[in-house]
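# Per-entry structural report
This is what each chain is made of:
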Amino acid sequence: MATGKIAEVSYQAMTEPVIRKAVSADLPYLIQIETLCFDNDRLSKRRFQHWLKASNGLFLVAEHSNKLVGYGLVLLHKGTRLARLYSLAISPNARGLGIGRKLVEALEVQAENCERLFMRLEVAKNNDSAIQLYQQLGYRTFGEYPDYYEDHADALRMQKRIRNVAAQQVFHPLPWYQQTTDFTCGPASLMMAMASLDETIVPQQRLELDIWREATTIFMTSGHGGCHPVGLALAAQQRGFESTVYVNSEKPLFIEGVRSEHKKAVMSAVDQTFREKAAAQGVNTVIADLTQDQIQTWLQQDFAVIVLISTYRLDGHKGPHWVTITAMDDVCFYVHDPDLDEEHQDAMDCQHIPIAKGDFAKMSSFGSERLRTAVAIRKVA
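First things first, this report covers the structure right here in the doc. (Residues numbered from 1 in each chain as written. Predicted model: local features only at pLDDT ≥ 70, side-chain atom pairs only at ≥ 80, totals over all residues. Heavy atoms only, no water.)

## Some details on the side chain of His352
Condition: In this description a helix means any DSSP run of H or I spanning at least four residues, a strand means any run of E spanning at least two, and both kinds are numbered starting from the N terminus. Contacts described as polar in this section are N or O atom pairs within 3.5 Å, which, within protein, must combine one atom able to donate a hydrogen with one able to accept it, while residues neighboring in sequence count only if both atoms come from side chains.
With respect to the element layout, His352 can be found in the loop between β12 (332-336) and β13 (353-356). A distance of 3.0 Å separates polar atoms of two side chains, one belonging to His352 and the other to Thr326.

## Things to note about the sheet that holds strand β5 (residues 118-124)
Stated precisely, the cut-off is as follows: We treat two strands as partners when DSSP finds at least two bridges between them. Fitted lines through C-alpha atoms serve as axes, helices being fitted only where they are in contact, and the angles separating the N-to-C directions of these axes extend from 0 to 180 degrees. Between two residues, a contact is recorded if the distance between any of their heavy atoms is within 4.5 Å.
The mixed open sheet is built from seven strands, whose spatial order is β1-β2-β3-β4-β5-β7-β6. Two strands in the sheet have a free side with no partner beyond their single neighbour: β1 (18-21) and β6 (140-145). For this sheet, the mean inter-axis angle between neighbouring strands, taken without regard to orientation, is 25 degrees. Contacting β2 (57-64), β3 (67-76) and β4 (82-90), helix α1 (residues 27-37) runs over the sheet at an angle of about 90 degrees to β3. Contacts between helix α4 (residues 128-136) and the sheet are confined to β4, β5, β6 and β7 (155-161), with β5 contributing the most and set at about 160 degrees to the helix.

## Here's the deal with the environment of Leu340
Inspection of the secondary structure assignment puts Leu340 in the loop between β12 and β13. With 127 residues separating them in the primary sequence, Leu340 and Arg213 have C-alpha atoms 22 Å apart.

## Concerning the pattern of salt bridges
Selection rule: Between Lys or Arg on one side and Asp or Glu on the other, a salt bridge is scored when a side-chain nitrogen of the former is within 4 Å of a carboxyl oxygen of the latter. With a 1.4 Å probe rolled over the protein chains alone, any residue whose accessible area is under 20% of its type maximum counts as buried; one over 50% counts as exposed, and the rest are partly exposed.
Within this structure, the stated rule accounts for 16 salt bridges. A salt bridge links Asp26 to Arg20, with the nearest nitrogen and oxygen atoms 2.9 Å apart. Classification of Asp26 by relative accessible area gives buried; the value is 4%. For Arg378, the salt bridge is made with Glu242, and the minimal N-O distance between the two is 3.5 Å. Placement of the pair is Arg378 in strand β14 (residues 373-379) and Glu242 in strand β8 (residues 241-247), with a sequence separation of 136 residues. Taking relative accessible area as the criterion, Arg378 reaches 29% and is therefore assigned partly exposed. With a relative accessible area of 33%, Glu242 lands in the partly exposed category.

## A short note on α4
To keep things clear, this is the line we draw: What the arc describes is the spread of directions from the helix axis to the C-beta atoms.
Buried within α4 are the following residues: Ala130, Ile131, Leu133 and Tyr134. Viewed end-on, α4 has its buried residues packed into an arc of 160 degrees, placing them on one side of the element. Elements that come into contact with the buried residues of α4 comprise β4, α3 (99-113), β5 and β7. At the exit of α4 stands Gly138, carrying a positive phi of roughly 100 degrees.

## As for the nonpolar core
Most often, soluble globular proteins have nonpolar side chains that are buried together. Stated precisely, the cut-off is as follows: Throughout this description, the term nonpolar core refers to a set of buried Ala, Val, Leu, Ile, Met, Phe, Trp, Tyr and Cys residues connected via side-chain atoms within 4.5 Å.
Judged by nonpolar contacts, the single largest core of 43 residues is most densely connected at Leu190, Met194, Ile211, Leu232, Phe254, Trp322 and Ile377. Where this core is concerned, the elements lending two or more residues are α5 (185-197), α6 (205-215), α7 (229-237), β8, α8 (261-281), β10 (304-310) and β14. The dominant element in this core, judged by the number of residues it contributes, is α5, at eight residues. When neighbours within four sequence positions are excluded, Met194 is seen to be in contact with Ile201, Leu207, Ile211, Ala236, Arg239, Phe241 and Ile377. Within the second largest apolar cluster, 28 residues are counted, among which are Val74, Val123, Leu156 and Met158.

## Some words on the side chain of Thr184
With respect to the element layout, Thr184 can be found in the loop between β7 and α5. For Thr184, a relative accessible area of 0% corresponds to the buried category. Reaching out from Thr184, the side chain makes a polar contact with the side chain of Thr181 at a distance of 2.7 Å.

## Quick word on the packing of α7 against α8
The following threshold applies: Helix crossings are classified by the rotation of the near helix relative to the far one: an anticlockwise turn of less than a right angle makes the crossing left-handed, while a clockwise turn makes it right-handed. Three residue categories are used. Nonpolar comprises Ala, Val, Leu, Ile, Met, Phe, Trp, Tyr, Cys and Pro, charged comprises Asp, Glu, Lys and Arg, and polar comprises the others, including Gly.
Contact geometry of α7 with α8 gives a least axis separation of 9 Å together with a crossing angle of 35 degrees. For the pair α7 and α8, the sense of crossing is left-handed. Counted together, Val230, Gly231, Leu234 and Gln237 of α7 and Phe274, Arg275, Lys277, Ala278 and Gln281 of α8 form the full contact between these two elements. Residues of the contact of α7 with α8, tallied by class, amount to four nonpolar, three polar and two charged.

## What about the pairing of β3?
With respect to burial, β3 is a largely interior element, nine of its ten residues being buried. Of the pairings in the sheet, the one linking β2 to β3 comprises eight bridges and is antiparallel in character. Along β3, the bridge assignment pairs Ala62 with Gly70. The sheet contact formed by β3 and β4 spans seven bridges and is antiparallel. Bridge pairing in β4 places Gly72 opposite Leu88. If you look at the hairpin formed by β3 and β4, you'll find five residues sitting between the two strands, and Gly79 has a positive phi there, around 80 degrees.

## Quick word on the sheet that holds β13
Ordered by their spatial adjacency, seven strands build an open sheet running β9-β8-β14-β10-β11-β12-β13, and the pairing between neighbours is mixed. Unpaired on one side and paired on the other, β9 (284-287) and β13 mark the two borders of the sheet. When the angles between neighbouring strand axes are averaged without regard to direction, this sheet yields 30 degrees. As judged from the four bridges shared by β12 and β13, these two strands associate in the antiparallel manner. In the strand pairing of β13, Cys332 is matched with Ala356.

The following block contains the structure:
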């Protein structure tokens, strides 16, 4: 992919460009610009065709004298307040005239109109001209990807708040880990939380599967069982962490969508066993509705927090899914999502995802019984 790359600057006098929405007739010119601008990580004709039609993107072009001289593409992540500058390219004979700046500024305005709070991008670490442009526009580096591009160049990760919202974030640094199965979001999220508190914890598949075996509900509506909050808390406690569980129901969890009476009976037995073990092992289990104030208190007290959400607002499916809280401010929660859609996402798309508090309140209520649950852990001194 061509994200964040701008070739060397050249200069040519020209009048103000026209910034407009990209249309299908632009396709041959977009491909030509891509070929001129990038030796590696090019967007293909197929990807251009996709983004020209996609509803989850902002695609603008710069035109001068009826000639296409540049484009900018932004992705809008469903269910979040995050936009991502996916690709920016300016024709070699039109560089140095502020066209890249105008495209980015226009994309920021459109992203803000779509209620996005932040714009993110990646840029080659050795691309000084692009980095200078983004810095001038207010982007700040917050991370780095080694060996990111096809030519093995490293990438800087940059971000800008595009809506002027006064905020003070409560960051809790966490490594990001991609779950290796469809059913281990809970262990993946817990590993990220544990690794943020104990540098000897190395997230890896073996530990991921061990935790899943310890915490699984055994069955779900179909396929492998997901993880019970109390089971995850027990797994953390067994590894030297103080664990607290908030859950707003004393009933067996996750059985509302299960039709088989046999499966329901097994899941109820597992639920009861987890709760009895928690009581015996000193896991603090609170039967109460999870509040956003409680999450903020945990973060301020150096707990790491994982929360169960419904994925409906992210991908249209109503599945239970665990994520790890990385920060919150007066507008958003920020989460690490261990589930990477490799066809449509990069790892960056799943890290520190900003979710408006109102949206998060809806996401963190699962199923018809409005289950709310979270696990907070802290390293035992």
